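These are the residues of each chain, in order.
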Amino acid sequence: AIVRKLPAVETLGAATVICSDKTGTLTRNEMTVRAIASAGALVEVGGSGYAPEGEFTAEGAPLVRTPHLRDAVGKTLQAAALANDAALVNSDGRWLVQGDPTEGALIVAARKFGVTESDLSRFPRIAEIPFTSERKRHTTVHRDPEDAGALRVFVKGAPEILLGKCRYRWEDGKAAPLGDERRADLAR
């Protein structure tokens, strides 16, 4: 530890829990997904902490009322959960994440939405390219449950990196070309 004044270190001896993050703000080492930008809309996610409870709304209305948006958010959260190494566990009635808090927040959001372990197990992982600061993305390769010989690749990472590699976007329930102008809009 690097400190400016010795008394700051002396008080550490009485502490049982010390929490901090990169900004120095005290936290519980928990992250929560609050919003998802998908299919041209901002979807708000209710709930806090790691409990898989909370509603999804768009412009104040339950997400159930907009099927195309609900489908896009479902695909987004499925990809986030599959390109993920964290696990959500209930230990003595308390929800905990094993793994990185950021990945944990994505797993929790997927569970809130209704993506289950059973849903994810349909896509057996066969390969992975871990996140690195150079690549700025995490990639996993899975068997496609709908086509025995096909593979599906799921990637999560820095938006500017991912957008630069995308050729299509999901809009109104189907894939549409992603042109440079739309890519620039999404990057903002």
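Quick note: structure is the one above.
In short, a report on the structure. Quantities reported herein were computed from a predicted structural model and do not represent experimental measurements. (Residues numbered from 1 in each chain as written. Predicted model: local features only at pLDDT ≥ 70, side-chain atom pairs only at ≥ 80, totals over all residues. Heavy atoms only, no water.)

Let's shift gears to helix H2 (residues 67–82). Taking 1.5 Å as the rise per residue, H2 with 16 residues should run 22 Å; its terminal C-alpha atoms sit 22 Å apart, in good agreement. For H2, every residue scored as buried is listed here: Leu69, Ala72, Val73, Gly74, Leu77, Gln78, Ala79, Ala80, Ala81 and Leu82. (Helix = DSSP H or I, 4+ residues; strand = E, 2+ residues; numbered from the N terminus. Expected span 1.5 Å × (residues − 1). Buried < 20%, exposed > 50% of the residue type's maximum accessible area, 1.4 Å probe, protein only.)

To continue, consider the side chain of threonine 139. Within the secondary structure, threonine 139 is located in strand S8 (residues 137–143). The class of threonine 139 is buried, set by a relative accessible area of 7%. Of note is the side chain of threonine 139, whose polar atom sits 3.0 Å from the side chain of arginine 135. Sequence-distant contacts of threonine 139, that is, excluding residues within four places in its chain, are made with Glu128, Ile129, Val153, Phe154 and Val155. (Polar contact = N/O pair within 3.5 Å; in protein donor to acceptor, adjacent residues only side chain to side chain. Contact = heavy atoms within 4.5 Å.)

The next point concerns the side chain of glutamate 103. By secondary structure assignment, the location of glutamate 103 is in helix H3 (residues 101–113). Of note is the side chain of glutamate 103, whose polar atom sits 3.5 Å from the side chain of histidine 138. Aside from chain neighbours lying at most four places away, what touches glutamate 103 is Ala83, Asn84, Asp85, Ala86, His138 and Lys156.

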